[in-house]
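Residues per chain, in single letters:
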Amino acid sequence: MSIIRCHSAKFTIPALRMAPLSDIINRNIRNTGRRRFGCGGPFLRSREVSALNWFLRFFELFLRLGWLVMTPILLTLCGKAMGLRFGMALRSAVRVAAALFGLNLMVNSLGNTLSSVVADIAANHQLALEITDAGWGASSAIASASAINGWIVPLYLAINWVMLLSRSTRTLNLDLWNLWHISFLGAMVERLTDSMAYGMVAAAAMAVVLLVFSDRCGWRMARYCQLNGASVANGFATAAVPFGLLVESILNLVPGRPRLVLDRSPEPREALASPVAWSAVLGAVLGLLAGRDGYGIAQLAMTFGSLAFLAPYLGQALSGAFAPLSEAISTFSRDKLKIKGNIYLGLSPTSSLGSGTVVVVTMMVAPIITFLAGSIPGNRFVVQGDIVMLPYIIAIIVMVCRGDLVRSLLAGVLASSTILWCSTALAELFTLSAVTANAEMYEQMGTITNFCDGGNPLAWAAVKAGEYGLAGIACLVVLAVSLAVWNRDRIVSGADVGAGAVKRRPKHIKGETIHSETAPEAPQAAPVQPEEPAAIPESSQP
């Protein structure tokens, strides 16, 4: 089955008004027949439909509370279940939500500033291509218009718990508000194949893949972000994990394994090792490329430097707030679950943004992919408005590369170039899906796509599998199950917690940097007083 091509913006598909989740599912259940589920006519009685409506209304109420309200509630329940006192669990959960809120404000400022700069660079150097950047709102509309979006929360929770009980994953994902990114994957397959069943299976398979990827983030978050027991299972940001792992594997073959790591502390000792200094200089360079005057260049330098200054403070606040939960997770995993390593609580990708290196690498990657867009074979898309999603992808890559500046830059350029190519490959199907969801907004924009979801490599893989019908979807399921079995073997043996993965301390620019990647350093013993030589045993000296 081939993708429907649409080279004109003149569609006659009527717009769909958004409705509550229960109404969407109820309408789909009553009117669904052989075309979607392979059965003739309605298959649920009215009493069963009513019970399903109440079930879906519960999840709708849950999601309407928003992440800022529900995150501390879920973290409190998890902390209490793992043995923390209720007051301690509540205090830690509220502080975690507050730190995430601060990081969210920071990344919004970074994305908005970067978006205006990239738009000016593209205009000054005439880099615009034929496909329009519709922003992340278009993919959200596509996901919301599909009935899969109403099923995604219970479907994902069922998959997550089955994998946890079978020890196929360590991650209990609490980031339920970003599950619409997985709904988008299923909606694209549904639009291509005209089968909701295929879309649901594709979304379920990609949920398994993302949970396996999130386990690759867990021990790296503990050692780089000081968030022991946390991970990220986001639908688009976590898809960048393979690019970081690929670059790490290749550069680890270089003799000596050289590493260039900027100072991650809030107060660096050397200017050359400071992300603030790097960000200020890069801000001035971006201002020159964007054609800003002297005042604009100075403002950009101060803006980006200030964001790089704030990031480590917010990261420290988050790690400090999460510390009681980390201790409870470690104790629970060791004493109750009897497993090597910890289980992970899946947080928003915002949790990985607490490093000035993320700001530096984002500022490097953004202009590079803007200038390279026209040179990528087959690419017809330059990201502009949706560049606000780039920091989330870079944050995952920086964490996987453990803060190495060169490796993060290479992986970021590789991931972003791949995303641009995938965005072009899926642009026609994306346009048709967006116009079907909201013709009034997207009908006159021509061929459209976006950076975060339209270029998600997992979306491209799911659509390519859907082109081959049942055989392709079956291959997708086999891939997901194989990854889950492989991940289970690593969890049971403890091979996935990073033990012995890197045995060298990284070489870095002068100044303080992160601790050794192999294990936290032993605490320094108190100095021995001359008059009491036996106060500290010799074996306890570092």
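Residues numbered from 1 in each chain as written. Predicted model: local features only at pLDDT ≥ 70, side-chain atom pairs only at ≥ 80, totals over all residues. Heavy atoms only, no water.

Caption draft 1: Summary view of the overall build of the chain. Scanning the chain from terminus to terminus reveals 19 helices and 5 strands. Burial status across the chain gives 56% buried among its 542 residues. Taking contacts inside the chain between residues at least 6 apart in sequence as the whole, the part at least 24 apart equals 81%. Within the structure as shown, the chain displays about 23,300 Å² of accessible surface, and the carbon and sulfur contribution to it stands at 62%. (Helix = DSSP H or I, 4+ residues; strand = E, 2+ residues; numbered from the N terminus. Buried < 20%, exposed > 50% of the residue type's maximum accessible area, 1.4 Å probe, protein only. Contact = heavy atoms within 4.5 Å. Areas by Shrake-Rupley, 256 points an atom, 1.4 Å probe, with all protein chains shown as cover.)

Caption draft 2: Here's a closer look at the nonpolar core. Judged by nonpolar contacts, the single largest core of 148 residues is most densely connected at Phe322 and Leu345. When residues of this core are assigned to their parent elements, the largest contribution, 15 residues, is made by helix H9 (residues 196-224). Apart from residues lying up to four places away in sequence, Phe322 is in contact with Ser92, Val96, Leu227, Asn228, Gly229, Ala230, Ile329, Leu345 and Leu347. (Core = buried A, V, L, I, M, F, W, Y, C linked by side-chain atoms within 4.5 Å.)

Caption draft 3: Highlighting the sheet that holds strand E3 (residues 230-232). One open sheet holds the 3 strands; their spatial order is E2-E4-E3, and the pairing between them is parallel. The strands lining the two open edges of the sheet, one partner per strand, are strand E2 (171-173) and E3. Neighbour to neighbour, the strand axes of the sheet diverge by 40 degrees on average, direction disregarded. The sheet contact formed by E2 and strand E4 (residues 344-347) spans 3 bridges and is parallel. Looking at E4, one finds that Thr171 is bridged to Tyr344. (Pairing = 2+ DSSP bridges. Axes fitted to C-alpha atoms, helices over the stretch in contact; angles between N-to-C directions.)

Caption draft 4: Structural context of the environment of Glu467. Note on placement: Glu467 falls in helix H18 (residues 457-467). Along the backbone, Glu467 and Thr193 are 274 residues apart, and their C-alpha atoms lie at a distance of 7.4 Å.

Caption draft 5: Representation of the pairing of E4 within the structure. Of the two faces of E4, the one lined by Tyr344 and Gly346 and the one lined by Leu345 and Leu347 are each fully buried. Of the strand pairs in this sheet, E3 and E4 are connected by 3 bridges, and their pairing is parallel. Each bridged residue has a counterpart across the sheet, and for Ser231 the counterpart in E4 is Gly346.

Caption draft 6: Layout of the packing of helix H8 (residues 180-193) against helix H16 (residues 427-437). Direction vectors running N to C along H8 and H16 enclose 95 degrees, while the axes themselves pass 10 Å from each other. By the angle class used here, H8 and H16 are roughly perpendicular. Contacts between H8 and H16 involve Phe184, Met188, Arg191 and Leu192 from the former and Leu429, Phe430, Leu432, Ser433 and Thr436 from the latter. Broken down by class, the residue content of the contact of H8 with H16 amounts to 6 nonpolar, 2 polar and 1 charged. (Parallel < 35°, antiparallel > 145°, perpendicular 65-115°, else oblique. Nonpolar A, V, L, I, M, F, W, Y, C, P; charged D, E, K, R; others polar.)

Caption draft 7: Quick look at unusual backbone geometry. Although it is not a glycine, Arg167 adopts a positive phi angle of roughly 60 degrees. Its place among the elements puts Arg167 in the loop between helix H7 (148-165) and E2. Positioned with a positive phi, Arg402 is a non-glycine residue whose angle comes to about 55 degrees. Mapping Arg402 onto the fold places it in the loop between helix H14 (390-400) and helix H15 (405-425). Residue Arg402 is classed as buried on the basis of its relative accessible area of 3%.

Caption draft 8: Region of the structure containing the packing of aromatic side chains. Within this structure, the stated rule accounts for 5 aromatic pairs. Here Phe236 and Tyr392 contribute two aromatic rings whose centre-to-centre distance is 6.2 Å and whose plane-to-plane angle is 80 degrees, an arrangement assigned as edge-to-face. Highlighted residues: Phe236 in the loop between E3 and helix H10 (241-251) and Tyr392 in helix H14, separated in sequence by 156 residues. The class of Phe236 is buried, set by a relative accessible area of 5%. Taking the relative accessible area as the measure of exposure, Tyr392 reaches 10% and is therefore buried. Against the face of Tyr224 rests Arg264, its NZ or CZ located 5.0 Å from the ring centre. (Phe/Tyr/Trp six-rings, centres within 6.5 Å; stacked < 30°, edge-to-face > 60°. Lys NZ or Arg CZ within 6 Å of the ring centre and 35° of its normal.)

Caption draft 9: Representation of the pattern of salt bridges. Scanning all chains against the criterion turns up 8 salt bridges. Here Glu248 ties to Arg259 by a salt bridge, and the two come within 3.5 Å at their closest N and O atoms. Taken together, the residues Glu248 in helix H10 and Arg259 in the loop between H10 and helix H11 (275-289) connect sequence positions 11 residues apart. For Glu248, a relative accessible area of 6% corresponds to the buried category. In this structure, the salt-bridge partner of Asp335 is Arg334, at a minimum N-O distance of 3.3 Å. (Salt bridge = Lys/Arg side-chain N within 4 Å of Asp/Glu carboxyl O.)

Caption draft 10: Fine view of the side chain of Ser195. In this structure, Ser195 sits in the loop between H8 and H9. Here the side chain of Ser195 touches Tyr198 through a polar contact of 3.2 Å, landing on its backbone nitrogen. (Polar contact = N/O pair within 3.5 Å; in protein donor to acceptor, adjacent residues only side chain to side chain.)

Caption draft 11: Just the environment of Asn450, in detail. If you trace the backbone, Asn450 turns up in the loop between strand E5 (448-449) and H18. Distance from Asn450 to Ser423, taken between C-alpha atoms, is 6.6 Å for residues 27 residues apart in sequence. When near neighbours in sequence (up to four residues on either side) are disregarded, Asn450 contacts Asp133, Gly135, Trp136, Ser139, Phe381, Asp386, Ser423, Phe430 and Gly455.

Caption draft 12: Local environment of the environment of Gly87. By secondary structure assignment, the location of Gly87 is in helix H5 (residues 86-124). With 11 residues separating them in the primary sequence, Gly87 and Thr76 have C-alpha atoms 8.9 Å apart.

Caption draft 13: Main features of a nonpolar patch on the surface. A surface patch of nonpolar side chains, about 340 Å² in accessible area, is lined by Leu65, Val69, Ile73 and Leu77. Looking at where Leu77 falls in the secondary structure, it is placed in helix H4 (residues 67-81). (Patch = residues over 30% accessible without salt bridge, like charges linked within 9 Å, V, L, I, M, F, W, Y side chains within 5 Å.)

Caption draft 14: Up close: the confidence of the model for the chain. Of all residues in the chain, 80% have pLDDT values of 70 or greater, and the mean over the chain is 83. Across the chain, the element-wise mean pLDDT spans from 40 in helix H2 (residues 34-37) up to 96 in H18. Confidence drops under pLDDT 50 across residues 1-22; counting only partners more than four residues distant or on other chains, this segment forms 49 contacts. (pLDDT = per-residue confidence, 0-100.)

Caption draft 15: View of H5. When the terminal C-alpha atoms of H5 are compared, their 57 Å separation across 39 residues agrees well with the 57 Å that a helix rising 1.5 Å per residue should span. Note on H5: the residue one or two positions beyond its end, Gln126, has a positive phi of about 50 degrees. (Expected span 1.5 Å × (residues − 1).)

Caption draft 16: Structural view of the side chain of Thr424. Here Thr424 is to be found in helix H15. Not counting the four nearest positions on each side in its chain, Thr424 is found in contact with Ile131, Gly378, Asn379, Arg380 and Phe381.

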